[in-house]
Amino acid sequence: MVTVLGYGTTGLSVGQRVFGLTDSYRGGGLAEYVAIEARNLAPLPGDVDFTVGASLPMPGLTAWQGLFDHGRLQAGQSVLVHGAAGSVGSMVTQLAREFGAYVIGTGRAVDRQKTLDFGAMEFVDLENDALEDVGGVDLVFDVIGGDIQKRSAGVIRAGGTLVTIAGPPEARPVDGLAIDFVVMSDRAQLGEIVRRVRDGRLRTNIGNIATLDDAVAAFNPTERISGQTIIRVRP
Ligand SMILES: NC(=O)c1ccc[n+]([C@@H]2O[C@H](COP(=O)([O-])OP(=O)(O)OC[C@H]3O[C@@H](n4cnc5c(N)ncnc54)[C@H](OP(=O)(O)O)[C@@H]3O)[C@@H](O)[C@H]2O)c1
């Protein structure tokens, strides 16, 4: 996204290519310059372009933290990933598969093939299939909230976990945990994510690339965009 302009005891050097996430209370990413704590940045290897770099922190860190820090995923467990063709869901699907989980993705009917292409073993069409037919899973990763989140608690086996990024949980699995969280930047995790992009284990999910002048329109699309919207601050 950016190169380093100032430094101290940051572990970064001036002119170094970096990527990362501003703290949620700060924002400011849609600008030519942004003040950002060095701890929120990681080096971006020279063979990863800035567009790909920009697409990684938000969904990549959210997926990583939801699965491993909050969801405590274990190899061999089953994960139901809502919105699995979307930005966060596609990262969740790929990371969970790599970790040895059995992954069931959900979404709209049109997203079936995309979800399977990201590595889900099964697809549940939320518009036509019965979510309740899914057998007991260990972990639900919810990006949708509302009624879908509430109904999801019922498909979690006793002792399992509901992780949601769509606001406070409104239901809790039997004898289990319901957790919501807000993503935070983490240099080590950014390094894990970009390493996987470089060696092909992780694929980014970009739906639209727009200029800064077109940012407002890009964030208010008139037709459905599947995947992330990336704003190029400099042409
Ligand atoms: N708490 C955090 O730290 C955190 C971090 C990142 C994101 N978020 C939030 O998490 C949410 C998801 O982010 P994202 O970037 O992954 O969004 P996204 O790329 O739009 O992905 C969401 C996916 O879920 C699908 N979906 C939504 N409602 C659905 C429904 N009722 N039935 C079937 N499919 C449905 C969407 O399809 P359509 O596009 O057709 O609706 C899309 O494929 C957003 O609300 C975002 O603000 C929170």
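Cut-offs and rules
Residues numbered from 1 in each chain as written. Predicted model: local features only at pLDDT ≥ 70, side-chain atom pairs only at ≥ 80, totals over all residues. Helix = DSSP H or I, 4+ residues; strand = E, 2+ residues; numbered from the N terminus. Rg over C-alpha atoms; globule rule 2.2 N^0.38 Å. Buried ≥ 20, exposed ≤ 12 C-beta atoms within 10 Å, placed from the backbone. Contact = placed C-beta atoms within 7 Å. Axes fitted to C-alpha atoms, helices over the stretch in contact; angles between N-to-C directions. Parallel < 35°, antiparallel > 145°, perpendicular 65-115°, else oblique. Nonpolar A, V, L, I, M, F, W, Y, C, P; charged D, E, K, R; others polar. Pairing = 2+ DSSP bridges. Right-handed = clockwise from strand over helix to strand, strands pointing away. Core = buried A, V, L, I, M, F, W, Y, C linked by C-beta atoms within 7 Å. Near = placed C-beta within 6 Å. Left-handed = near helix turned anticlockwise from the far one by under 90°.

1. Thoughts on the overall build of the chain
What the chain contains, in helices and strands, is seven helices and 11 strands. Scaling as 2.2 N^0.38, a compact globule of 235 residues should have a C-alpha radius of gyration of about 18 Å, and the chain matches this with 18 Å. Over its C-alpha atoms, taken along the principal directions, the chain stretches across nearly 55 × 40 × 35 Å. Counting over 235 residues, the chain shows a buried share of 37%. Put simply, 49% of the contacts in the chain that link residues at least 6 apart link residues at least 24 apart.

2. Some thoughts on the packing of helix α2 (residues 57-70) against helix α6 (residues 187-198)
Where α2 contacts α6, the two axes come as close as 10 Å, and the packing angle between them is 105 degrees. One way to sum up the angle between α2 and α6 is to call them roughly perpendicular. Residue-level inspection shows Pro 57, Gly 60, Leu 61 and Trp 64 of α2 in contact with α6, the latter providing Gln 189, Leu 190, Glu 192 and Ile 193. Of the residues assigned to the contact of α2 with α6, the class counts are five nonpolar, two polar and one charged.

3. What about the pairing of strand β7 (residues 137-142)?
The buried count for β7 comes to six of six residues, which makes it a mostly enclosed element. Examined bridge by bridge, strand β4 (residues 78-81) and β7 share three bridges and lie parallel to one another. Note on β7: the bridge partner recorded for Val 81 is Phe 141. Bridging between β7 and strand β8 (residues 156-164) involves five bridges; their strand directions are parallel. Looking across to β8, one finds that Leu 139 is bridged to Thr 161. A crossover links β7 with its parallel partner β8, the connecting element being helix α5 (residues 146-152), and its sense is right-handed.

4. Things to note about the nonpolar core
Counting residues in each nonpolar core, the largest one holds 47 residues, and the members touching the most others are Val 79, Val 81, Val 92, Ala 96 and Val 140. The biggest single contributor to this core is helix α3 (residues 87-98), with five residues. Dropping the residues within four chain positions of it, Ala 96 is found in contact with Leu 67, Leu 73, Val 79, Val 81, Ala 101 and Val 103.

5. Some remarks on unusual backbone geometry
With phi around 50 degrees, Arg 72 is a residue other than glycine that occupies positive phi space. Structurally, Arg 72 can be placed in the loop between α2 and β4.

6. Quick notes on α2
Within the sequence span of α2, burial applies to Pro 57, Pro 59, Gly 60, Leu 61, Thr 62, Ala 63, Trp 64, Gly 66 and Leu 67. Each element contacted by the buried residues of α2 is listed here: β2 (17-20), α3, β7, β8, α6 and β11 (228-232).

7. Thoughts on the environment of Leu 73
Mapped onto the elements of the fold, Leu 73 is located in the loop between α2 and β4. Exposure remark for Leu 73: the 24 C-beta atoms within 10 Å place this residue in the buried category. Spatially, the C-alpha atoms of Leu 73 and Gly 28 are 33 Å apart, while their sequence positions differ by 45 residues. Contacts of Leu 73, omitting those with residues within four sequence positions, involve Leu 67, Phe 68, Val 79, Ala 96, Phe 99, Ala 101 and Leu 139.

8. Points about the site of the ligand
For the ligand, the set of nearby residues contains 22 residues, the closest of which are Gly 83, Gly 86, Ser 87, Val 88 and Ile 165. Among the elements of the structure, α2 and α3 are those that each provide at least two residues to the shell around the ligand. In terms of residue class, the shell around the ligand is built from 12 nonpolar, seven polar and three charged.

9. As for the sheet that holds β4
Spatially, the six strands line up as an open sheet ordered β6-β5-β4-β7-β8-β9, and their pairing is parallel. At either end of the open sheet lies a strand with only one pairing partner, and these are β6 (122-125) and β9 (177-180). Adjacent strand axes in the sheet meet at a mean angle of 20 degrees, parallel and antiparallel pairs treated alike. Sheet topology note: the β8/β9 ladder contains four bridges and is parallel. By the bridge assignment, Thr 164 is partnered in β9 with Asp 180.

10. Section: the packing of α2 against α3
Following both chains from N to C, one finds α2 and α3 inclined at 50 degrees, their axes separated by 8 Å at the closest point. In terms of orientation, α2 lies oblique with respect to α3. The hand of the α2/α3 crossing is right-handed. Along the contact surface, α2 presents Pro 59, Gly 60, Thr 62, Ala 63, Trp 64, Gly 66 and Leu 67, while α3 presents Ser 87, Val 88, Met 91, Val 92, Leu 95 and Ala 96. Of the residues assigned to the contact of α2 with α3, the class counts are nine nonpolar, four polar and no charged.

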